[in-house]
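Structure assessment
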There are 2 protein chains.
Amino acid sequence: MSVTRRSVLGGSLAAGVAASTQGFAAEGPSRVERWGLWETALHGPAEGNPFVDVTLAAVFECDGSRVRVPGFYDGEGVYRIRFSPPEMGCWRWTSESNAPALAGQSGAFEAVAPGPGNHGPVRVSADGFHFTYADGTPYRQMGTTAYAWALQADAKCAETIETLKTAPFNKMRMVFFPSVPSVAVDPFARTGEGFQDWDATRFDPAYFRRFEDRIRRLGEIGVEADVILYHPYDPDKRGYSTMRRADDERYLRYIAARFGAYRNLWWSMANEYDLVEAKSVDDWDHLGAVLHAADPHDRLRSIHQFDVYYDVRKPWITHASVQNNFAVLDDGRAQLHRAFADKPVIFDEVGYEGNFSQPWGNLTPEELVERFWFGLVGGTYVGHGEVWHPSGNPNYSWLGQGGKLTGTSVPRLAFLRRIMEDGPVPGFEPIQAWWNYRLAGKPFETYLRYFGKETPDEWRVVLPRGSGTRHGRIPPWTESGPANTYRAEIIDTWNMTVTPVDGVFRTAPLNEQQFHAPDRPAIALPRAPYLAVRFSRVRA
Amino acid sequence: MSVTRRSVLGGSLAAGVAASTQGFAAEGPSRVERWGLWETALHGPAEGNPFVDVTLAAVFECDGSRVRVPGFYDGEGVYRIRFSPPEMGCWRWTSESNAPALAGQSGAFEAVAPGPGNHGPVRVSADGFHFTYADGTPYRQMGTTAYAWALQADAKCAETIETLKTAPFNKMRMVFFPSVPSVAVDPFARTGEGFQDWDATRFDPAYFRRFEDRIRRLGEIGVEADVILYHPYDPDKRGYSTMRRADDERYLRYIAARFGAYRNLWWSMANEYDLVEAKSVDDWDHLGAVLHAADPHDRLRSIHQFDVYYDVRKPWITHASVQNNFAVLDDGRAQLHRAFADKPVIFDEVGYEGNFSQPWGNLTPEELVERFWFGLVGGTYVGHGEVWHPSGNPNYSWLGQGGKLTGTSVPRLAFLRRIMEDGPVPGFEPIQAWWNYRLAGKPFETYLRYFGKETPDEWRVVLPRGSGTRHGRIPPWTESGPANTYRAEIIDTWNMTVTPVDGVFRTAPLNEQQFHAPDRPAIALPRAPYLAVRFSRVRA
């Protein structure tokens, strides 16, 4: 599978948007792909403050499934309802509103088979540690961050999209509220010229339309949009992260109603939540519950920290989004995050490749790539970012605004992405991490051992006989797996080569717990850094 | 401070017990040490099932403090109330009961200054990651495990106590319900000859008296009793961990009323909770809340896992009690547990020194001692155990029944305990773990770097300039600490030597984040394993 393969949002999405912007018919499009975006526009009150005064939702029903979806006000008397059908079939809908003009509208449409590239939304995999598209295709997370890319001028945004088309990344972390210098800065209606002159009760639909266009464009090239709802960076003191609770709730409900139907949408409640002084953990939990309840599409939800790890076991959180600079310097450190989270773990920040003066922004590409590999062997996922700029200023960089990628980690990450795509489903599992084997893969099928900066001259073949527990112990009830035959490859993760090793390795019991390869006990290695060994079962 | 120093339970404890067992006066002793054990005995109904039928509590008041303490039935019409006064002063008490004979009794006693060795109960330290006795003395956790030692014959128990008197351990993990072969096996009244012939509604006071004698003896030699309330080991299928919820609740309330006033008492809700098939996480949370509510003395509470880490952020848990074989193979792995728990972390099982056939029971002493050191540098605590036996059978070993220690880790752990006692208060803190310095101590005062199996020929002196955040980042608001002068020592953790390095190291800024020692950039090391370097500030 090619790393540059891109899924495309259902064709019916475009049709739906087109139909709904042409008029105010209660009917949306008559056909939409499963997991596509169906939308209808309704005409209702424009007076007063419709964002506050008017309630709108629709109930969608199909073959016993029933989903209640919030609508939203899009300005100038236009209200919209967006829905991404989770199943094929005939969906009937009926609107509910406190405005007579919007209540009791109804219609029907057909959700048809998804087209090429439409794999549905990404969900947590059944085993609880990886990600899978709704159609069962594994989603091999390789994220990047360009915080305010979507808030830049159209040409700059287009450049970012062009860059992503040939990059290995399939998730973009991006802020909704402006952080670094941006073109789009007003998500709310302005009330004056000052930075604080805005009305938290009135959204600016143009800002949202612009932003959802960016979400849509990412979807078209198969990139998940990990939208950061709050962050602590507020150089102009605009105060978007210090709203009153009622305004926060309205904001989350509005954004959930507008964006939730995009199947490539992920929610990141906050970046560096613990630097947002105005909000406590209780606030975040409350807002997490509000968002969860407001989003019938049940998109993935996380929260990202500066220093104090969030308790990601909480039910509103679907996966861990971790910032840590030393956690992926060793696969064991990474794996422990799974033990704590008991959910998928994404190290969304591990330091960035670049030339910034601060140590979080001046990793060498070798260092960044090493962290990705250790994360992989730990059964976790890692995120990329770069701060290459003549001035070393992260406010003007891929990390800040997107644009072009210049780092030399990128091709190595594309290589790694291919290794991931060729790997076990739903993902690389650490194999008996408890006993520090430092192996990942799928027991008795494939094994990956990564050496990082170490330059051993050989690797002795010792594999565990049992398949291990959820967190990698040998359980008391262990039964030995089969003594298989494996072919081996030496992977140079920096030079991007995969070199087959001649012959095969036949395993046999070494003791109660372990297999070895008695005829060929070790693989010679070329004493270079950043090597890995991959074992693949040879079927008789 | 000597490692073999032992604190002693308040002398008034013995007096109190003596007074209360001599008669049925409502008055307990008139004086007790602060944090000592005050007890009174009351005479009440013996008919029916007093364990179920009779409620008893007493309210203790002193200078505006008010504590409601449960009483318990001790058989033969005798009821007892135990209380450990948290403050000095005149405490007045009044009993409450649904039995007229037990209600409305009252009295008073004086809580006087604690005697030598009485430091009060161990609490979580103010910084949230260490332990401190109530009088402010640091508690440097160094635990051991002898699961069923308290259930053995008196002579064997006495042998265990004698062993502990000269051992470095200040906490004992011990089961309440029998696990391995034991002499005391009947915590409940028997109803027949079979293993399951017992009445969950009637406790056997003799079993509890015997057990609390063991708690008291540990207290006399300064060892905390970490009492394990449930466990999955049930070779005779007695079913103590599969009681009905009402019986579980009654058991926890009874044990809290009987044992909670011993100031060296810790609660471990379960050993390997996730192997107790009859109970879910919801059950454990419920029982944790029941125990918490039933214990006005608010003793430390934890739960210990086999494979699936418990969510120790939950409010009923005071500290993490972790089993993991690979987490303390590196201080960074250990430190991450603090980031997750945001509470003190004790690795109560990291594998045991011994000759058992299973890999969890055959660590070399070097391996076990290394884990303790990595745990220390990670800002955490580690527990000991040994399975040395001619048959390598963990059912008959220090781990199983106590007795004598034969492992060669013990003197090295005593040496480590001295290093801990000489260290910063409340404990060794990881210093900017985020940046992988692998240092612990107290910034600008003392630094400890441990090398484990590595045998470097030098250590280059590079220290962070900032003191770091709670979890070890350099915050954006970092201010540089002072450029101090340090003396250095090379610690051979295996051979138990501390060798001063001639001269001093004067630090100066290397860059925005780091100090170095320009006149003397590195310390030469003798290329042996298990070395550490300790830096101590030289005051002008």
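Keep in mind that this is a model prediction, so the values were computed, not measured.

1. Thoughts on the relation of the copies chain B and chain A
- Overlay of chain B on chain A (RMSD 0.0 Å): rotation 180°, translation along the axis 0.0 Å. Such a combination of turn and shift is consistent with a two-fold rotation axis. Minimal C-alpha distance to the rotation axis in chain B is attained by Arg 333 of chain B, lying at 2.6 Å.

2. Considerations on the pairing of strand 17 (residues 320-323) of chain B
All names here are of chain B.
- Burial along strand 17 is two-sided: the residues Ala 320 and Val 322 and Ser 321 and Gln 323 are all buried.
- Where strand 17 lies against strand 18 (residues 345-349), 4 bridges are found, and the strand directions are parallel. Residue pairing for strand 18: Ser 321 is matched across the bridge by Ile 346.
- For the handedness criterion, the β-α-β arrangement of strand 17, helix 7 (residues 331-341) and strand 18 is classed as right-handed.

3. Quick notes on the interface of chain B and chain A
- Contacts between the two partners involve 28 residues from chain B, matched on the other side by 28 residues from chain A.
- Its residues placed into classes, the side of chain B that touches chain A shows 12 nonpolar, 7 polar and 9 charged.

4. Structural notes on the sheet that holds strand 8 (residues 122-124) of chain A
Residue and element names in this part refer to chain A.
- Spatially, 8-9-10 is the arrangement adopted by the 3 strands of the open sheet, whose pairing is antiparallel. The strands lining the two open edges of the sheet, one partner per strand, are strand 8 and strand 10 (138-139).
- Of the strand pairs in this sheet, strand 9 (residues 131-133) and strand 10 are connected by 2 bridges, and their pairing is antiparallel. Looking across to strand 10, one finds that Thr 132 is bridged to Pro 138.

5. A look at the packing of helix 8 (residues 365-377) of chain A against helix 10 (residues 409-421) of chain A
Residue and element names in this part refer to chain A.
- The interhelical angle for the contact between helix 8 and helix 10, taken along N-to-C directions, is 15°, at an axis separation of 9 Å. The angle between the axes of helix 8 and helix 10 places the two elements in the roughly parallel class. Helix 8 and helix 10 meet at a crossing whose hand is right-handed. Every residue of helix 10 that contacts helix 8 at Pro 365, Leu 368, Val 369, Phe 372, Trp 373 and Leu 376 is listed here: Ser 409, Arg 412, Leu 413, Leu 416 and Met 420.
- Residues of the contact of helix 8 with helix 10, tallied by class, amount to 9 nonpolar, 1 polar and 1 charged.

6. Examining the sheet that holds strand 1 (residues 31-33) of chain B
All names here are of chain B.
- The strand order 1-7-6-3-4-5-2 describes an open sheet built from 7 strands, whose pairing is mixed. Of all strands in the sheet, those bounded by a partner on one side alone are strand 1 and strand 2 (38-43). Going across the sheet, the axis of each strand differs from the next one's by a mean of 30°, ignoring polarity.

7. As for the packing of helix 5 (residues 245-259) of chain A against helix 6 (residues 281-294) of chain A
Residues and elements named next belong to chain A.
- The contact between helix 5 and helix 6 brings their axes to 9 Å, and the two run at 30°. By the angle class used here, helix 5 and helix 6 are roughly parallel. Crossing of helix 5 over helix 6 shows right-handed handedness. Residue-level contacts link Asp 248, Glu 249, Leu 252, Arg 253 and Ala 256 of helix 5 to Leu 287, Val 290, Leu 291 and Ala 294 of helix 6.
- Classifying every residue of the contact of helix 5 with helix 6 gives 6 nonpolar, no polar and 3 charged.

What counts, and at which threshold
- Residues numbered from 1 in each chain as written.
- Chains lettered and ligands numbered in written order.
- Predicted model: local features only at pLDDT ≥ 70, side-chain atom pairs only at ≥ 80, totals over all residues.
- Least-squares fit on C-alpha atoms with pLDDT ≥ 70 in both.
- Buried ≥ 20, exposed ≤ 12 C-beta atoms within 10 Å, placed from the backbone.
- Helix = DSSP H or I, 4+ residues; strand = E, 2+ residues; numbered from the N terminus.
- Pairing = 2+ DSSP bridges.
- Right-handed = clockwise from strand over helix to strand, strands pointing away.
- Contact = placed C-beta atoms within 7 Å.
- Nonpolar A, V, L, I, M, F, W, Y, C, P; charged D, E, K, R; others polar.
- Axes fitted to C-alpha atoms, helices over the stretch in contact; angles between N-to-C directions.
- Parallel < 35°, antiparallel > 145°, perpendicular 65-115°, else oblique.
- Left-handed = near helix turned anticlockwise from the far one by under 90°.

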